[in-house]
Amino acid sequence: MINISLDINRTLEFVSKKQINAFQGKIISGHHQLLDKAGKGNDFMGWVDLPSSISNEFLDEIKADADRLSAKAEVFVVIGIGGSYLGSRAVIEALQHQFSSLVNTGRPKIVYAGQNISEDYMADLIDVLDKYEYAVTVISKSGTTTEPALAFRIIKNHLEAKYGKAEAASRIIAITDKSRGALKTLSTNEGYKTYVVPDDVGGRYSVLTPVGLLPIAVAGFDIYALVAGAVEMEKFNRTTADIGQNPIALYAATRNALYQSGKTIEIMVNYLPTLYFVTEWWKQLYGESEGKENKGIFPAGVSNTTDLHSMGQYIQEGLRNIFETVLSVGSSKHKISIPSDDGDLDGLNYITEKTITEVNYFAELGTAIAHVDGKVPNIRISIPELNETNLGQLIYFYEFACGLSGFLLDVNPFDQPGVEAYKANMFALLGKPGFEEATKAIQARI
Ligand code: PA5
């Protein structure tokens, strides 16, 4: 059963059903191309049938490794950047206790490294790793990305100094290419347990490989249900490319119709702090997939109602090139009613007996209507609750819609050539061997 529904009614005063349905032909061909692994970027379409190709035995192996490391670690360090960490962080933070650092969850605390080049971040992390038992996963498909390589070199040294080389090696799992890259060579030499990032799955589409599944399992969440949810969405998606029936097709068509009408920025809106990293994952997925050849919808994100007190003003009255997509969650895990107060000095007695989720819902609805009045079209993606199954469905929903959208835009949604530009300059400035000419050229510019 598909638990995701899509409501585009609040876009229809900005784009017509005819404009949206005009994409049906391209959607059908894009849907075919993705399912047949044909068209632009077809060597990176392994994610399309990834969920249904994952066996229970494979999940058992990941779960066993996760439990083995959890048994001896109070802290689990996930080293990776971009697609190599955002997917796991999105799922973990969507599901975990929001003050997990202060409560005993029975699982290691998950911390992240290699997603920045901050010396103080690293120093603070080392301070923590001095005090707690820990284990590590280092994730890099290329095996050569600077940020995680730098973090891993420092953490590996710390781990070996703390536990000795053999025990340190047993506390490390590397997730990388099956044969290429510095991390693969290092893992082979040091005897680390490794998992493979499949050749045909790019970083930002890799959350349902060990890249995402291992950290999620270490955090104690149900990777079987997560994958099962994705399988449900994968199977449903195969049945139809009809915009009227498939919410994936409808989302891709609607956002592209809005883009064509001049709405060049899509803001993914959530009303739960637990969804902050789902938005970050979505931003990476869509930004790296679509933003090329001088085109693409700019993916932005807000977390409401927090950001209604910062970005809300701009969204209501700023430049009118925005549309919003709200990821709405029907129910919360807990119920807290607002108590009545005899004095009612804060004037809140009119909402006593309402739950906080009900108040949040009216904030969401009121905001959507206000923003539409302010000429900001509003798409609404709804899931009934936050759990592994629904997150699995959502991951596949967003991934497939992203592939389709890339094809509607006529770009390759599976490469990211633009990411290399900053790396080349950084290497030149750092004096990396092989970059001598570039070093001279860039130094002449500063
Ligand atoms: O989506 C992508 O391909 C990128 O965001 C990568 O995940 C990111 O650059 C990290 O690359 P790697 O896993 O090779 O270290």
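Summarised in this report is the structure supplied together with it. Predicted model, so just to flag it, every value in this text is computed and none were measured. Residue indices follow the written sequence of each chain, beginning from 1 at its first position. Side-chain atom pairs in this predicted model are given and counted only at pLDDT of 80 or more, local residue features only at pLDDT of at least 70, and totals for whole chains, interfaces and linings cover all residues. Hydrogen atoms and water are omitted, and side-chain values are computed over all heavy atoms in the structure.

### With respect to the overall build of the protein chain
Okay, step 1: Here a helix means four or more residues in a row that DSSP labels H or I, a strand means two or more in a row labelled E, and each is numbered from the N terminus. Helix and strand counts for the protein chain stand at 18 helices and 10 strands.
Okay, step 2: For the radius of gyration, the atoms used are the C-alpha atoms, and the globule rule reads 2.2 Å times the number of residues raised to 0.38. Relative to the globule expectation of 22 Å for 446 residues, the C-alpha radius of gyration of the protein chain, 23 Å, shows essentially globular dimensions.
Okay, step 3: Classification of residues uses two cut-offs on accessible area relative to the type maximum, computed with a 1.4 Å probe and protein chains only: under 20% is buried, over 50% is exposed, and between them is partly exposed. Of all 446 residues assigned to the protein chain, the portion counted as buried reaches 52%.
Okay, step 4: Two residues qualify as a contact provided that any one of their heavy atoms is within 4.5 Å of a heavy atom in the partner residue. A fraction of 79% describes how many contacts in the protein chain between residues 6 or more apart in sequence connect residues 24 or more apart.
Okay, step 5: Of the roughly 19,900 Å² of accessible surface on the protein chain, 55% is carried by carbon and sulfur atoms. Residue-level accessible areas treat just the shown protein chains as cover; the underlying method is Shrake-Rupley with a 1.4 Å probe.

### Observations concerning the side chain of Thr-274
Okay, step 1: Mapped onto the elements, Thr-274 comes out in the loop between β7 (265-270) and α13 (276-290).
Okay, step 2: Judged by relative accessible area, Thr-274 falls into the buried class, the value being 9%.
Okay, step 3: Among residues more than four places away in sequence, those in contact with Thr-274 are Glu-93, Ala-94, Gln-98 and Leu-386.

### Description of the packing of helix α6 (residues 119-131) against helix α7 (residues 146-163)
Okay, step 1: Interaxial angles span 0 to 180 degrees and are taken between N-to-C directions of axes, which are lines fitted to C-alpha atoms, for helices over the stretch in contact. With their axes 11 Å apart at the nearest point, α6 and α7 run at an angle of 20° to one another. With respect to α7, the axis of α6 lies roughly parallel. The two elements α6 and α7 meet at a crossing, and its hand is right-handed. Judged by residue contacts, Met-122, Leu-125, Ile-126, Leu-129, Asp-130 and Lys-131 of α6 engage Ala-151, Ile-154, Ile-155, His-158 and Lys-162 from α7. Each angle gets one of four labels, with under 35 degrees taken as roughly parallel, over 145 as roughly antiparallel, 65 to 115 as roughly perpendicular, and the rest as oblique. Crossing handedness follows the turn of the near helix against the far one: under a right angle anticlockwise gives a left-handed crossing, and clockwise gives a right-handed one.

### Observations regarding the packing of aromatic side chains
Okay, step 1: For this analysis, a ring pair means two rings from Phe, Tyr or Trp (six-membered ring only for Trp) whose centres lie within 6.5 Å, classed as stacked if their planes differ by under 30 degrees, edge-to-face if by over 60, and tilted for the remaining angles. Tallying each qualifying case throughout the model produces 21 aromatic pairs.
Okay, step 2: Plain terms: the ring middles of Trp-47 and Tyr-205 are 4.9 Å apart, the flat faces sit at 25° to each other, and that makes the pair stacked. Taken together, the residues span a long stretch of sequence, with Trp-47 in the loop between α2 (24-36) and α3 (50-53) and Tyr-205 in the loop between β6 (193-196) and α10 (210-218) at a distance of 158 residues. Each member of the pair, Trp-47 together with Tyr-205, is buried.
Okay, step 3: Through successive ring pairs, a cluster of aromatic residues spans Trp-47, Tyr-205, Tyr-396, Phe-400, Phe-407 and Phe-414.
Okay, step 4: Cation placement over rings: the criterion is NZ of Lys or CZ of Arg within 6 Å of the ring centroid and within 35° of the ring normal. It is Arg-171 that lies over the ring of Tyr-163; its NZ or CZ is 3.8 Å from the centre.
Okay, step 5: A cation over an aromatic ring shows up here: Lys-432 above the ring of Phe-427, its NZ or CZ 4.0 Å from the ring centre.

### Overview of the pairing of strand β2 (residues 75-79)
Looking along a regular strand, one sees side chains alternate from face to face of the sheet.
Okay, step 1: Judged by how many residues are buried, β2 sits mostly within the fold: 5 of 5 residues are covered.
Okay, step 2: The side-chain alternation of β2 yields two buried faces, one formed by Val-75, Val-77 and Ile-79 and the other by Phe-76 and Val-78.
Okay, step 3: Here, a strand pair is defined by DSSP locating no fewer than two bridges between the strands. By the bridge criterion, 5 bridges tie β2 to strand β3 (residues 109-113) in an arrangement that is parallel. When the sheet's bridge partners are listed, Val-78 is paired in β3 with Tyr-112.
Okay, step 4: Handedness of the β-α-β unit built from β2, helix α5 (residues 86-95) and β3 comes out right-handed. A clockwise course of the path from the first strand over the helix to the second, judged with the strands pointing away from the viewer, identifies a crossover as right-handed.

Remember, this is a structural readout, not a statement about activity or role.
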